[in-house]
There are 2 protein chains.
Amino acid sequence: MTNKAITIIDIAKILGVSKSTVSRALKDHPDISNATKEAVQMMAKQLKYKPNAVAMSLRHKKSKVIGLIVPTLSPFFFPSVIHGIENEVNKRGYNLMILQSNESYEREVLNVDILQSNNVEGILVSISRKTENLSHFTALIEDNTPIVFFDRIPKSIQADMVLVDDISGAFNAVEHLISIGKRKIAICLGNPNLLISSNRLSGYKKALKKHSIEINEEFIITGQSSEEAEKETKKLLELTNPPDAILAISDLTMSGIMKALYAAKIKIPEDIAVIGFCEDTFSQMYNPPVSTIDPMGIEIGKIAAERLFQRIHENNILEPKTINLSSRLIIRDSTKV
Amino acid sequence: MTNKAITIIDIAKILGVSKSTVSRALKDHPDISNATKEAVQMMAKQLKYKPNAVAMSLRHKKSKVIGLIVPTLSPFFFPSVIHGIENEVNKRGYNLMILQSNESYEREVLNVDILQSNNVEGILVSISRKTENLSHFTALIEDNTPIVFFDRIPKSIQADMVLVDDISGAFNAVEHLISIGKRKIAICLGNPNLLISSNRLSGYKKALKKHSIEINEEFIITGQSSEEAEKETKKLLELTNPPDAILAISDLTMSGIMKALYAAKIKIPEDIAVIGFCEDTFSQMYNPPVSTIDPMGIEIGKIAAERLFQRIHENNILEPKTINLSSRLIIRDSTKV
DNA sequence: ACCGGTCGTGCAACCGGTTGCAGTTGATAA
DNA sequence: TTATCAACTGCAACCGGTTGCACGACCGGT
């Protein structure tokens, strides 16, 4: 704050005691007499004394701050995760410092530095697409900083991970499509570099194999943006033998897919059934509301934060653990027969 | 960090110089000889020295942290604002500390305390619904803390405000509906306590008056959640003389309205045209894509942050100013004739 | 009157940097 | 040889709290 704030020294001077006494009186230390305590506490209230968190942080090396690094804050997924995290963090009297890597490796390294500089007590990370060298994270771990990765996790590192079981999520979605009589099932991937893409793809393939449906490479499309997904979906529709169902890998691709289907006046689910990995809130905006394998953004945030606090409270001596949330399959009209 | 980090004292000991010398060498102070500078900087790099931001914050009373208080992190609006803010904050080498008030006055007061304790250099706030007593903010202002209110602004306080011109936004939307031949125009409000609700309502009324259309109280409905909006819209449709256009006050209400229209198989825009205050990303998810008065979440965040930094850099001596962004009217198929 | 113990408080160091000022060194000028 | 002056470097205080330890006052017991 710009104007000088009230400090314990101010209170000490007014009351003619030492700052140690004020400090102890404020925290009800048994050494201090009741008379002194009362006087100090009254005065503190009167002057609207607020303890300086920065000073305490320096002294105790505990900042009561949790750091969060996400690739982006754009919709849809990460804002939900943040929502889940913030609730947990606030509940425990901690605060949240948020940084974006903007999918840049350099930025991510810098962000780790910033969080370290700020003495955060723990870090939650979803890594950028470009990150391959993990030394900024291994250094943190050697440094004994509590850290939990979520969603976009690094492949080879010993640490806590929180994610949803994408393989079984996609598997269940495809089986569901098969159960309603669909056989020509397409999938629209997002960024192929992401683990979630390959996991969801492999769940898709696994389900097809189980039901002896041949994999048609033409049915595997990629849309890194809504527009791209729309364009690719249009191509799908022009195939001589178009699909009768589409699995969307994200909210973004779903949005493009639905636009293409609307434009072509496709009947959903009669002509083409649709299902996707969409946040619940958004999946209900379409007509018909689309079935979804909930990516559980809020839940991931909550669980990751909980795990981080467990680490913080138990001195970070826990064995690294991977928490696999099983995703909920929510069936709506887009796949109802 | 849990393990002790490298400090300038470590470097000083190794090199056999004083910590003052190290401090100066690291910041290229002219007093220090080149030889010493090089030695220090080398060693700092080698030991991966990271300055302790907390210590600097304590010394300088500058934390390089901006505080943000929002009522909620749930979709749709505030996450967009945060996105806009974070870009600006990061760009300037600052960090963002985010707190939710959860629409609670007490929580909001507490959050202000927390931010003060953390020596944030400025605060961005969108106030809670329940906030009527503003003393926690006036105290901040008297304290000379830079502060900028956005979107949910308090009515009587001398400070910077950033908002979109809701009255003209609603006015233009309604005029647009009239221009395509609609006359029976309904509006679905959100929380009636919010200024945006009353502003948008008054823009709505103003436009109707200008075109000599009588205000029909039955056409003014309220939906604080998507479900409520859906229910109220259904009631609208059951009127003997239902509306031929609906203005949605938010993404949330739009979602409910569209569900009701889909269920009733209403033709959009032929039977009922639809327009709303929706984030661009979300307005395109509907079928047809809905026309929107962009609430400009990202833009608001950007402008509010810019104004806050202006205050910070100019020692907070600026005259309070209200920045009224004019909202963009984006016409899509939901209101095309 | 003396010793031991309790109670309440203050001193000073500490956390990790920054910075005004004084001190040391060596070279140069007188 | 000595005074003078850069050029470097170190000392110590400071930011706002916390905390181990010492100290003084007062008590009761002997």
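The rules behind these values
Residues numbered from 1 in each chain as written. Chains lettered and ligands numbered in written order. Predicted model: local features only at pLDDT ≥ 70, side-chain atom pairs only at ≥ 80, totals over all residues. Heavy atoms only, no water. Near = heavy atom within 4 Å. Polar contact = N/O pair within 3.5 Å; in protein donor to acceptor, adjacent residues only side chain to side chain. Helix = DSSP H or I, 4+ residues; strand = E, 2+ residues; numbered from the N terminus. Nonpolar A, V, L, I, M, F, W, Y, C, P; charged D, E, K, R; others polar. Buried < 20%, exposed > 50% of the residue type's maximum accessible area, 1.4 Å probe, protein only. Pairing = 2+ DSSP bridges. Least-squares fit on C-alpha atoms with pLDDT ≥ 70 in both. Contact = heavy atoms within 4.5 Å. Salt bridge = Lys/Arg side-chain N within 4 Å of Asp/Glu carboxyl O. Domains from an automatic or database assignment. Buried area = accessible area lost by both parts, 1.4 Å probe. Axes fitted to C-alpha atoms, helices over the stretch in contact; angles between N-to-C directions. Parallel < 35°, antiparallel > 145°, perpendicular 65-115°, else oblique. Left-handed = near helix turned anticlockwise from the far one by under 90°.

### Remarks on the protein's contact with DNA strand C
Then, in step 1: Among the 28 residues in the neighbourhood of DNA strand C, the closest are listed as Thr 21, Arg 24 and Thr 36 of chain A together with Ser 23 and Arg 59 of chain B.
Then, in step 2: Taking all atoms of DNA strand C within 4 Å of the protein, the share assigned to sugar and phosphate is 58%.
Then, in step 3: Residue Arg 59 of chain A places a side-chain N or O atom 3.5 Å away from a base oxygen belonging to DNA strand C.
Then, in step 4: Those elements giving two or more residues to the surface near DNA strand C turn out to be helix H2 (19–26) and helix H4 (53–60) of chain A together with helix H2 (19–26) and helix H4 (53–60) of chain B.
Then, in step 5: Of the residues contributing to the surface near DNA strand C, the split by class is eight nonpolar, eleven polar and nine charged.

### A few points about the pairing of strand E3 (residues 122–125) of chain B
Along a regular strand, successive side chains alternate from one face of the sheet to the other.
Residue and element names in this part refer to chain B.
Then, in step 1: Every second residue of E3 is oriented toward a common face, with Gly 122 and Leu 124 on one face and Ile 123 and Val 125 on the other, all of them buried.
Then, in step 2: With four bridges connecting them, strand E1 (residues 65–70) and E3 associate as parallel partners. What sits directly across from Ile 66, in E3, is Gly 122.
Then, in step 3: Relative to strand E4 (residues 147–150), E3 runs parallel, the two sharing three bridges. Paired with Val 125 across the two strands is Phe 149, which belongs to E4.

### Topic: the relation of the copies chain A and chain B
Then, in step 1: Laying chain A over chain B is done by rotating through 180 degrees and shifting 0.0 Å along the axis; what remains is an RMSD of 0.1 Å. Classification of the inter-copy transformation places it as that of a two-fold axis. By C-alpha distance to the rotation axis, the residue of chain A lying nearest is Met 97 of chain A, at 2.4 Å.
Then, in step 2: Mapped onto chain B, 100% of the interface residues of chain A are again interface residues, and the two copies thus contact each other with one and the same surface.

### Notes on the protein's contact with DNA strand D
Then, in step 1: Close contacts around DNA strand D come from 28 residues, with Ser 23 and Arg 59 of chain A together with Thr 21, Arg 24 and Thr 36 of chain B the closest.
Then, in step 2: The sugar-phosphate portion of DNA strand D accounts for 57% of its atoms within 4 Å of the protein, the bases making up the rest.
Then, in step 3: With respect to DNA strand D, the side chain of Thr 21 of chain B contributes an N or O atom lying 2.4 Å from a phosphate oxygen.
Then, in step 4: Arg 59 of chain B places a polar side-chain atom, nitrogen or oxygen, 3.4 Å from a base oxygen of DNA strand D.
Then, in step 5: Of all elements in the fold, only H2 and H4 of chain A together with H2 and H4 of chain B reach the threshold of two or more residues within the surface near DNA strand D.
Then, in step 6: For the surface near DNA strand D, a count of residues per class yields eight nonpolar, eleven polar and nine charged.

### Some points on the interface of chain A and chain B
Then, in step 1: Contacts between chain A and chain B engage 55 residues on the former and 55 residues on the latter.
Then, in step 2: The salt bridge partner of Asp 113 of chain B is Lys 50 of chain A, with a shortest N-O separation of 3.5 Å.
Then, in step 3: Taken together, chain A and chain B are joined by 14 residue pairs in polar contact (both at pLDDT 80 or more).
Then, in step 4: Of all elements in the fold, only H4, helix H5 (77–91), strand E2 (95–100), helix H6 (105–117), helix H7 (135–142), helix H11 (251–263) and helix H12 (280–283) of chain A reach the threshold of two or more residues within the side of chain A that touches chain B.
Then, in step 5: Across the side of chain A that touches chain B, the residue classes break down as 25 nonpolar, 21 polar and nine charged.
Then, in step 6: Note: E2 of chain A against strand E2 (residues 95–100) of chain B, three bridges, orientation antiparallel. Among the inter-strand pairings, Leu 96 of chain A is bridged to a residue of E2 of chain B, identified as Ile 98 of chain B.

### Description of the pattern of salt bridges
All names here are of chain A.
Then, in step 1: Under the defined criterion, the tally for this structure stands at 34 salt bridges over all chains.
Then, in step 2: Among the ionic pairs, Arg 332 bridges to Asp 280, the shortest N-O distance being 2.7 Å. In this pair, Arg 332 sits in the segment after strand E12 (329–330) while Asp 280 sits in helix H12, placing the two residues 52 residues apart along the sequence.
Then, in step 3: When salt bridges that share partners are traced, they join Glu 88, Lys 91, Arg 92, Lys 302 and Glu 306 into one network.

### Here's the deal with the domain arrangement of chain A
Residues and elements named next belong to chain A.
Then, in step 1: Parsing chain A into structural domains produces domain 1 (8–51), domain 2 (61–164 + 298–326) and domain 3 (166–295 + 330–335).
Then, in step 2: For domain 2 and domain 3, the distance between their C-alpha centres works out to 30 Å.
Then, in step 3: Contacts between the two partners involve ten residues from domain 2, matched on the other side by twelve residues from domain 3.
Then, in step 4: Counting the surface domain 2 buries against domain 3, the share from its top three residues, Phe 76, Arg 129 and Val 164, is 55%.
Then, in step 5: Here domain 2 is connected to domain 3 by zero salt bridges.
Then, in step 6: Counting across the interface, domain 2 meets domain 3 through two residue pairs in polar contact (both at pLDDT 80 or more).
Then, in step 7: When the residues that make up the side of domain 2 that touches domain 3 are grouped by side-chain class, the tally is five nonpolar, one polar and four charged.

### Some thoughts on the side chain of Glu 232 of chain B
Residues and elements named next belong to chain B.
Then, in step 1: In this fold, Glu 232 is placed in helix H10 (residues 226–237).
Then, in step 2: Classification of Glu 232 by relative accessible area gives buried; the value is 17%.
Then, in step 3: Each residue touching Glu 232, except ones within four places of it in the same chain, is listed here: Ile 221 and Thr 222.

### A short note on the sheet that holds strand E6 (residues 185–189) of chain B
Residue and element names in this part refer to chain B.
Then, in step 1: Within the open sheet, the six strands sit side by side as E7-E6-E8-E9-E10-E12. Their pairing is mixed. In this open sheet, the two edge strands, each paired with only one partner strand, are strand E7 (220–222) and strand E12 (329–330).
Then, in step 2: As paired elements, strand E8 (residues 245–248) and strand E9 (residues 273–276) share four bridges and run parallel to each other. When the sheet's bridge partners are listed, Ile 246 is paired in E9 with Val 274.
Then, in step 3: Contacting E6, E7 and E8, H10 runs over the sheet at an angle of about 150 degrees to E7.

### So, the packing of H5 of chain A against helix H13 (residues 297–313) of chain A
Residue and element names in this part refer to chain A.
Then, in step 1: Interaxial distance between H5 and H13 falls to 7 Å at its minimum, and their mutual angle equals 40 degrees. Taken together, the axis directions place H5 and H13 in an arrangement best described as oblique. Seen from above, H5 lies across H13 with right-handed handedness. Contacts between H5 and H13 involve Phe 77, Ser 80, Val 81, His 83, Gly 84, Ile 85, Glu 88 and Val 89 from the former and Gly 297, Ile 298, Ile 300, Gly 301, Lys 302, Ala 305, Glu 306 and Phe 309 from the latter.
Then, in step 2: Residues that form the contact of H5 with H13 fall into these classes: eight nonpolar, five polar and three charged.

### Comments concerning the side chain of Asn 90 of chain B
Then, in step 1: Within the fold, Asn 90 of chain B resides in helix H5 (residues 77–91).
Then, in step 2: With a relative accessible area of 8%, Asn 90 of chain B lands in the buried category.
Then, in step 3: The contact partners of Asn 90 of chain B, leaving out residues within four places of it in the chain, are Leu 99, Gln 100 and Arg 107 of chain A.

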